[in-house]
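Examination of the molecular architecture
Here is what each chain is made of, one letter per residue.
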Amino acid sequence: IQWQARGSSAHRHFADPDACLQAMIAVRWPDGIVTCPVCGRPEPRFPASRRVWQCAAAHPHRQFSAKVGTIFEDSPLGLDKWLAGVWLIANAKNGISSYEIHRALGITQKSAWFLLHRIRLAQRTGTFLKLKGTTALRRPEGNLGPFALWRAKAGPRSGLGLLSVQMGPANVNP
């Protein structure tokens, strides 16, 4: 995506809610047609005063924002902070710390850490969409912790098991 932000003007550019919304529409729906993340119905109604879409179909979660189904969902931070943070992280030559993001965006260091880790995840996966699906992971073997003697008596493979983790794109037009 080509964002029209250079240097410190990124903060000014993303301070405009309309610019943030247009950037998210371009990322989330590249063809320009907004669809409902639940049912996939195209062109929902958009009450501009609330900046959310409303699907015409009758189902739960009829109202949705541009953040739904992305790494930005479930965050109290607005798109202005998220997109300025994406710009800062993407343009940092030698990386950037959460403390630097905290100072630059005027958010708490804890929120900056959360933002930084979500954006790094998106950089690894190459998409802003949330991941969903299942995969198997092995629990670590070894006799560590307060029950080490009990585990040793139970056998060396007693700690072996499988965990289920959700991965893959979430709510992408089923």
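This write-up is about the structure you can find in this document.

Criteria and cut-off values
- Residues numbered from 1 in each chain as written.
- Predicted model: local features only at pLDDT ≥ 70, side-chain atom pairs only at ≥ 80, totals over all residues.
- Heavy atoms only, no water.
- Helix = DSSP H or I, 4+ residues; strand = E, 2+ residues; numbered from the N terminus.
- Buried < 20%, exposed > 50% of the residue type's maximum accessible area, 1.4 Å probe, protein only.
- Contact = heavy atoms within 4.5 Å.
- Areas by Shrake-Rupley, 256 points an atom, 1.4 Å probe, with all protein chains shown as cover.
- Salt bridge = Lys/Arg side-chain N within 4 Å of Asp/Glu carboxyl O.
- Phe/Tyr/Trp six-rings, centres within 6.5 Å; stacked < 30°, edge-to-face > 60°.
- Core = buried A, V, L, I, M, F, W, Y, C linked by side-chain atoms within 4.5 Å.

Once that is clear, we can look at the overall build of the chain. The helix and strand tally for the chain stands at 6 helices and 4 strands. For the chain, the succession of helices and strands along the chain, N to C, is α-α-β-β-α-α-α-β-α-β. Burial statistics for the chain: of 174 residues in total, 33% are counted as buried. At a minimum sequence separation of 6, the contacts of the chain that also span at least 24 residues come to 56%. Total accessible area on the chain is roughly 11,200 Å²; 55% of this is exposed by carbon and sulfur atoms.

Quick look at the pattern of salt bridges now. A complete count under the given rule lists 1 salt bridge for this structure. Taking the shortest distance from any N to any O, the salt bridge between Asp-18 and Arg-51 comes out at 2.7 Å. Taken as a pair, Asp-18 in helix α2 (residues 17–28) and Arg-51 in the loop between α2 and β1 (53–54) lie far apart in primary sequence, 33 residues in all. Residue classification places Asp-18 among the partly exposed positions, given a relative accessible area of 41%.

On to the packing of aromatic side chains, then. All told, the structure shown has 6 aromatic pairs when counted by the stated rule. Residues Phe-72 and Phe-128 carry aromatic rings whose centres are separated by 5.2 Å and whose planes lie at 40° to one another, so their mutual orientation is tilted. Note that Phe-72 is positioned in the loop between β2 (63–64) and α3 (79–90) and Phe-128 in the loop between α5 (109–125) and β3 (134–138), a separation of 56 residues in sequence. Assigned by exposure class, Phe-72 and Phe-128 land together as buried. Note on Trp-82 and Phe-114: the rings are 6.1 Å apart at their centroids and 70° apart in plane angle, and the pair reads as edge-to-face. Residue Trp-82 is located in helix α3, and its partner Phe-114 is located in helix α5; the two are separated by 32 residues in the primary sequence.

Time to look at the side chain of Gln-54. With respect to the helices and strands, Gln-54 occurs in strand β1. Classification of Gln-54 as buried rests on a relative accessible area of 17%.

Of all hydrophobic cores here, the largest spans 37 residues; its most connected members are Trp-53, Phe-72, Ile-101 and Leu-115. By residue number, the principal contributor to this core is α3, which donates 8 residues. Those residues in contact with Trp-53 that sit more than four places away from it in its chain are Leu-21, Ile-25, Trp-29, Val-34, Pro-44, Arg-45, Phe-46, Arg-62, Gln-63, Phe-64, Ser-65 and Ala-66.

What follows deals with unusual backbone geometry. One non-glycine residue with positive phi stands out, namely Arg-51, at about 60°. Judged by its relative accessible area of 31%, Arg-51 is partly exposed. Here the phi dihedral of His-61 falls at roughly 65°; this positive angle occurs in a residue that is not glycine. Examined against the element boundaries, His-61 turns out to sit in the loop between β1 and β2. For His-61, a relative accessible area of 64% gives the class exposed.

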